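# Examination of the molecular architecture
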Amino acid sequence: IVNSAYLMEKRYLDKLLSTIMTSMENFYRNKRLECINRGLEEISMRDAMTGLYNRLGYQNQACRIFWEKKEKNQNLTILFIDMDRLKYMNDTFGHECGDLAIKITSEAILRYRPEEAVAIRMGGDEFLVVLPWMEREEVAKLVGRIREEISMQARLMELPCELSISAGSIDTDMSSSKELDDYVREADEIMY
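Since the model is a prediction, treat every value here as computed from it, not as a measurement.

## Some remarks on the sheet that holds strand β3 (residues 126-132)
What the 4 strands build is an open sheet, ordered β2-β3-β1-β4; its pairing is antiparallel. Where the open sheet ends on each side, the last strands, each with one partner, are β2 (118-123) and β4 (165-171). When strand polarity is set aside, the average angle formed by the axes of neighbouring strands in this sheet is 20°. Inspection of the sheet shows strand β1 (residues 76-83) paired to β3 by 7 bridges, in the antiparallel sense. Bridging from a neighbouring strand, I78 pairs with V130 of β3. Most of the contacts of helix α5 (residues 95-112) go to β3, to which it runs at about 5°, and overall it touches β1, β2, β3 and β4.

Shown next, in the form of structure tokens:
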């Protein structure tokens, strides 16, 4: 302030203000770009039809949670869900019917899964839910609620056939050397 006349005469103040403005604009652009990139990353990990995580989301979210829990020696419950007769629905009633059945199933999974659980559409008619460890009875109740919701929504939306799921679950043992993929395979086998 004391030397402001000198700074203005020598145009230092103008350069300083210009530099500050340019820095602020760059900072804003960088923050905006970070925000956009986070949004794009989230979109890339989601299944477009259902909003559930996709295979990339499985790698980024479910695997991360698995390793975090493994470090803390906290077990998880892995729930594998498969829609019954989706191919029949697609072949007989068209893919619009099959897509609606997939949406009904995914919405039921999202509605009843615990908040901290990660729900994934593994592909086609296969879904995976990585849950905090749950008692067998709790898992059975969860699957029952999902089944009831699916059946009710199928009737409300007048699907031309019954909509149902098969499910299998397994608890992790974090003291073992198994990885998440191993547990997913086992839950899939248990489902059958």
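Back to the write-up after that little detour.
## Considering the confidence of the model for the protein chain
Residues at a pLDDT of 70 or more form 93% of the protein chain, whose mean pLDDT is 90. When mean pLDDT is taken per element in the protein chain, β1 scores highest with 97 and helix α1 (residues 4-9) scores lowest with 66.

## Some points on helix α3 (residues 55-72)
Taking 1.5 Å of rise per residue, 18 residues should cover 26 Å, and α3 covers 25 Å from first to last C-alpha, within 8% of that figure. Buried residues of α3: G57, Y58, Q61, A62, C63, I65, F66 and K70, and no others. At its buried positions, α3 is contacted by β1, β2, β3 and α7 (180-191). Where α3 begins, the side chain of N54 points an oxygen toward the backbone nitrogen of L56, at a separation of 3.0 Å. Phi for N73, located one or two positions after α3, is positive at around 55°.

## Topic: unusual backbone geometry
Phi is positive for N73, close to 55°, though the residue is something other than glycine. Residue class for N73 comes out exposed when judged on its relative accessible area of 53%.

## Some thoughts on the nonpolar core
Core analysis: the biggest nonpolar cluster contains 28 residues, and L79, I81, M83, I146 and L163 have the highest contact counts within it. Only β1, α4 (86-93), α5, β3 and α6 (136-156) provide two or more residues apiece to this core. Within the second largest apolar cluster, 22 residues are counted, among which are I120, L180, A187 and M191.

## Points about the pattern of salt bridges
Tallied over the entire structure, the rule returns 9 salt bridges. A salt bridge links E34 to K31, with the nearest nitrogen and oxygen atoms 3.6 Å apart. Of this pair, E34 and K31 both sit in helix α2 (residues 12-44), 3 residues apart, which is roughly one turn of that helix. Among the residues examined, E34 registers a relative accessible area of 37% and is labelled partly exposed. Taking the shortest distance from any N to any O, the salt bridge between R64 and E68 comes out at 3.0 Å. One end of the pair is R64 and the other is E68, both in helix α3 and 4 residues apart, which spans about a single turn. Overall, the relative accessible area of 37% leaves R64 in the partly exposed class. Of the residues examined, E68 reaches a relative accessible area of 37% and is grouped as partly exposed.

What counts as what
- Residue numbers here run from 1 along each chain, matching the order of that chain's written sequence.
- Confidence filtering applies because this is a predicted model: local features only for residues at pLDDT of at least 70, side-chain atom pairs given and counted only at 80 or more, and all residues used for totals across whole chains, interfaces and linings.
- Only hydrogens and water are set aside; all other atoms, that is, all heavy atoms of the structure, feed into the side-chain values.
- For two strands to be treated as a pair, DSSP must find no fewer than two bridges joining them.
- Here a strand is any run of E in DSSP of at least two residues, a helix any run of H or I of at least four, and the numbering for each starts at the N terminus.
- Fitting a line to C-alpha atoms yields each axis, with helices limited to the stretch in contact; the angle taken between N-to-C directions then spans 0 to 180 degrees.
- Should any heavy atoms of two residues lie within 4.5 Å, those residues are considered in contact.
- Looking at any residue, its pLDDT shows the predictor's confidence there, from 0 to 100.
- Given a helix with a known number of residues, its expected span is that number minus one, times 1.5 Å.
- Relative accessibility under 20% of the residue-type maximum defines a buried residue, over 50% an exposed one, and the middle range a partly exposed one, all with a 1.4 Å probe and only protein chains included.
- In protein, a polar contact requires one atom able to donate a hydrogen and another able to accept it; more generally it is a pair of N or O atoms within 3.5 Å, and residues adjacent in sequence count only if both atoms are side-chain atoms.
- By nonpolar core is meant a set of buried Ala, Val, Leu, Ile, Met, Phe, Trp, Tyr and Cys residues that side-chain atoms within 4.5 Å join together.
- For this document, the term salt bridge refers to a Lys or Arg side-chain nitrogen within 4 Å of an Asp or Glu carboxyl oxygen.

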